[in-house]
Amino acid sequence: QVQLVESGGGLVQTGGSLRLSCAASGRAFSSYTMGWFRQAPGKEREFVAAIRWSGGTTYYADSVKGRFTIFRQNANNMGFLQMNSLKVEDTAVYYCAADRFGEARPATLSRLWYSWGQGTQVTVSS
């Protein structure tokens, strides 16, 4: 299991940007697929983005494609979600997640991911 801690959430106006960080601890972080999920009150936790362990392949939910970018710095045990052109509907608690999907396409169901951070609140105001 890898331990994850998110940071970088906050309040931003529509059209603004935020960068979420995910600090990982534990051996061999680079071998884990990393993902971001979000959950609004009363809603299911939904998939946002994922990146393969190598960093060479990324996946995005249609709702964020073209606006969000997931990337990682394995040497520093860090994962990131750059969020641009934020919308009110992006408001949610954002969670970093990790699992050993290897070269397989990462799951979009949160229950199939093993390691989770505590979440960081992102609020987008109009």
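Keep in mind it's a predicted model, so treat the numbers as computed, not measured.

Caption draft 1: Local environment of the overall build of the protein. Broken down by element type, the protein carries 0 helices and 11 strands. A compact globule built from 126 residues should have a C-alpha radius of gyration of about 14 Å, and the protein, at 13 Å, falls within 12% of that. Across its three principal directions, the C-alpha atoms of the protein cover 40 × 25 × 25 Å. In the protein, 60% of the contacts between residues at least 6 apart in sequence involve partners at least 24 apart. When the accessible surface of the protein is totalled, it reaches about 6,300 Å², and 48% of it is carbon and sulfur. Each charge class in the protein can be summarised by its mean position, and for the 13 positive and 8 negative side chains these summaries are 4 Å apart.

Caption draft 2: Summary view of the pattern of salt bridges. This model, assessed by the stated rule, comprises 5 salt bridges. Residue E46 is joined to R38 by a salt bridge in which the shortest nitrogen-to-oxygen separation is 2.8 Å. With a shortest N-O distance of 3.2 Å, K65 and D62 are connected by a salt bridge. Here K65 and D62 have matching classes, each one exposed. Taken together, the shared-partner salt bridges connect R38, E46, R67 and D90 into one network.

Caption draft 3: Structural view of unusual backbone geometry. Even without a glycine there, the phi angle at N77 is positive, about 55°. Tracing the chain through its elements places N77 in the loop between β7 (68–73) and β8 (78–83). A relative accessible area of 27% means that N77 is categorised as partly exposed. The phi dihedral of S85 is positive, around 50°, even though this residue is not glycine.

Caption draft 4: Quick look at the sheet that holds strand β1 (residues 3–7). Read from one edge to the other, the open sheet built from 4 strands follows the order β1-β3-β8-β7, with strand pairing classed as antiparallel. The outermost strands of the open sheet, each flanked by one partner alone, are β1 and β7. Sheet twist, expressed as the mean angle between neighbouring strand axes with direction ignored, is 15°. Pairing of strand β3 (residues 18–25) with β8, which is carried by 6 bridges, proceeds in the antiparallel orientation. Within β8, the residue paired with A23 across the bridge is M78.

Conventions adopted
By convention here, each chain's residues receive numbers from 1 onward along its written sequence. Confidence filtering applies because this is a predicted model: local features only for residues at pLDDT of at least 70, side-chain atom pairs given and counted only at 80 or more, and all residues used for totals across whole chains, interfaces and linings. Only hydrogens and water are set aside; all other atoms, that is, all heavy atoms of the structure, feed into the side-chain values. A helix here means a DSSP run of H or I that spans at least four residues, while a strand means a run of E at least two residues long, and both kinds are numbered starting from the N terminus. The globule rule is 2.2 Å times the number of residues to the power 0.38, and the radius of gyration it is compared with is taken over C-alpha atoms. Contacts: residue pairs with any heavy atoms within 4.5 Å of one another. To measure how exposed things are, a 1.4 Å probe is used in the Shrake-Rupley method; for residues, cover is taken only from the protein chains shown. Charged residues are defined here as Lys and Arg on the positive side and Asp and Glu on the negative side; His and the ends of the chain fall outside this count. Just so you know, the charge point we use is NZ for Lys, CZ for Arg, CG for Asp and CD for Glu. In the sections that follow, a salt bridge refers to a side-chain nitrogen of Lys or Arg positioned within 4 Å of a carboxyl oxygen of Asp or Glu. Remark: exposure states derive from per-residue accessible area (1.4 Å probe, protein chains only) relative to the maximum for the residue type, with buried under 20%, exposed over 50%, and partly exposed in between. Any two strands with at least two DSSP bridges between them are considered paired. Lines are fitted to the C-alpha atoms to define the axes, a helix being fitted only along its stretch in contact, and any angle between axes, read from their N-to-C directions, falls within 0 to 180 degrees.

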